[in-house]
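So you can see what is in the structure, the chains are spelled out below.
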Amino acid sequence: MSELDHYREEIDKTDKEIVRLFEERMKLVEGVADYKIKSGKEVFDGKREQEKLHNLSGLAHSEFNRRGVRELFEQLMAISRKRQYQLLTENGITLPADYALMDHLYFHNARVVFQGVYGAYSFEAMKEFFDDTIESTHVKTWKEAMELVTNGEADFAVLPIENSTAGSVSDIYDLLLEYNNYIVGEQVLKIDHMLMGLPGATIDDIDVVYSHPQGLAQCREYLQSEHPDWKQQNVLNTAMAAEKVAREGLKNQAAIASRSAAEYFGLQILKEGGLSKEKNSTRFIIISHSRRFVRTAQKMSVCFGVPHACGTLYNMLSHFIYNGLNMYKIESRPIPEKPFEYRFFIDFEGNLSDPAVKNALRGLEAEAVGLRLLGNY
């Protein structure tokens, strides 16, 4: 046997012993969980864990090993907590259930608000998601839409949250925290941008183009390569850009908006196709003031902060990993009152009635800072 084979054989023996001791430790953890179930004691005791990590790492004989022991036992303790959360769920001890379970999302004769004007992409997303019985209204800003839902003046709002080319609409994430509203649905809309101007105008007449910042960003490559001399101007909505061009009646102005906006405001399409990436889509969320989710819902959105310490985000994400929950998206946003600290928004696969989801939420509730469930849809 070579020297290397000898070391490998000894490592294999040690690893088997570690596995045996791990399973022995987990049996003891189940006893701890049983006690906590009976007594109502919280699973997570951060102060005790830090003391224990300090004492255990102090038993090692080098700085490298002290760091290694600390990391090892951080993971062991995290696994132990996850098992305890699982046992609490299996024994019927769940987080407060204040979401209404529904067979369908009812919106017959609902009042729906969208940002922009008729012909906007938000308007098109609304038409795709809802039936023709709704009563729709429009506002200038996303904040106004949120306020109408919060005040009970609208039943639902349609808001863009993500584009496949330009990325996230960060202001929407901030509004989700500012208002006590919930995501109850989503609609993905293929975005097909058109360049439009007054009837009789040509591309050679244009020297200024209007659109929403996201619309301009999605068409950046075309504008920079074909018309770098054009002045780009932001407006609140793509359809508002079309409305502005039609209202002001200047042949040097163009808008980037949808075909329906061109038709609605009587503009001429100067170029269609090739303005943005072929697979350009925007995801819209449907907002309600009522906490509800349908039986078939398979996506969840949550938000939380993390303690300002090494490894805390990894520990939070491990609740999704360990419970087999597929994460679709993670987004960070700065916390205004805490410079250079962040909240994390996560979309993941699951339903509030799933035991795995309950386990993950229990862990986040105990260990994250300010967990908010934004919706199950």
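The structure we're discussing is the one just above.
Residues numbered from 1 in each chain as written. Predicted model: local features only at pLDDT ≥ 70, side-chain atom pairs only at ≥ 80, totals over all residues. Heavy atoms only, no water.

Focus on the overall build of the protein
(1) Moving on: Along the backbone of the protein there are 12 helices and 17 strands.
(2) Moving on: Taken against the 2.2 N^0.38 rule, which gives 21 Å for 377 residues, the C-alpha radius of gyration of the protein at 27 Å runs more than 25% over that of a compact globule.
(3) Moving on: Seen through its principal axes, the protein has C-alpha atoms that stretch 85 × 55 × 40 Å.
(4) Moving on: A burial count over the protein gives 45% of its 377 residues as buried.
(5) Moving on: Put simply, of all contacts in the protein between residues at least 6 apart along the chain, 77% involve residues at least 24 apart. (Helix = DSSP H or I, 4+ residues; strand = E, 2+ residues; numbered from the N terminus. Rg over C-alpha atoms; globule rule 2.2 N^0.38 Å. Buried < 20%, exposed > 50% of the residue type's maximum accessible area, 1.4 Å probe, protein only. Contact = heavy atoms within 4.5 Å.)

Some details on the packing of helix H3 (residues 63–90) against helix H11 (residues 312–322)
(1) Moving on: With their axes 11 Å apart at the nearest point, H3 and H11 run at an angle of 45° to one another. The angle between the axes of H3 and H11 places the two elements in the oblique class. Crossing of H3 against H11: the hand is right-handed. For the pair H3 and H11, contact is made by Gln75, Ile79, Lys82 and Tyr85 and by Tyr314, Asn315, Ser318, His319 and Tyr322, respectively.
(2) Moving on: Looking at side-chain class alone, the contact of H3 with H11 contains four nonpolar, four polar and one charged residues. (Axes fitted to C-alpha atoms, helices over the stretch in contact; angles between N-to-C directions. Parallel < 35°, antiparallel > 145°, perpendicular 65-115°, else oblique. Left-handed = near helix turned anticlockwise from the far one by under 90°. Nonpolar A, V, L, I, M, F, W, Y, C, P; charged D, E, K, R; others polar.)

Focus on the packing of aromatic side chains
(1) Moving on: Going through the model one piece at a time under the given rule, you end up with 14 aromatic pairs.
(2) Moving on: Linked through ring pairs, Phe114, Tyr118, Phe123, Tyr264 and Phe265 together constitute an aromatic cluster.
(3) Moving on: Above the face of the Tyr322 ring, Lys82 is positioned so that its terminal group lies 5.7 Å from the ring centre.
(4) Moving on: One Lys or Arg, Lys299, reaches over the ring of Tyr328 and ends 5.1 Å from the middle of that ring. (Phe/Tyr/Trp six-rings, centres within 6.5 Å; stacked < 30°, edge-to-face > 60°. Lys NZ or Arg CZ within 6 Å of the ring centre and 35° of its normal.)

So, the sheet that holds strand S7 (residues 194–197)
(1) Moving on: Read across the sheet, five strands follow the order S9-S8-S10-S7-S11 without closing on themselves; strand pairing throughout is mixed. One side of each edge strand has no neighbouring strand; the edge strands of this open sheet are strand S9 (231–234) and strand S11 (268–272). Within this sheet the neighbouring strands show an average axis-to-axis angle of 30°, counted without direction.
(2) Moving on: As paired strands, strand S8 (residues 208–211) and strand S10 (residues 253–257) are joined by three bridges and run parallel to one another. (Pairing = 2+ DSSP bridges.)

A look at unusual backbone geometry
(1) Moving on: In this model, Asn109 sits at a positive phi of 65°, which is unusual for a non-glycine residue.
(2) Moving on: Position of Asn109 among the secondary structure elements: in the loop between strand S1 (100–102) and strand S2 (111–115).

Quick look at the environment of Leu101
(1) Moving on: Its place among the elements puts Leu101 in strand S1.
(2) Moving on: In the structure, Leu101 is positioned 194 residues away from Arg295 in sequence and 6.3 Å away in space, judged by C-alpha atoms.
(3) Moving on: If near-sequence neighbours (up to four positions away) are discounted, Leu101 is found in contact with Phe293, Val294 and Arg295.

Examining the nonpolar core
(1) Moving on: If you look at the biggest cluster of nonpolar residues, it comprises 40 residues, and the most contacted ones within it are Phe130, Phe156 and Val158.
(2) Moving on: Among all residues touching Phe130, those that are not within four sequence positions of it are Phe107, Val112, Phe156, Val158 and Ile286.
(3) Moving on: Ranked by size, the runner-up nonpolar core spans 24 residues in total, among them Ala145, Met146, Leu159 and Ile161. (Core = buried A, V, L, I, M, F, W, Y, C linked by side-chain atoms within 4.5 Å.)

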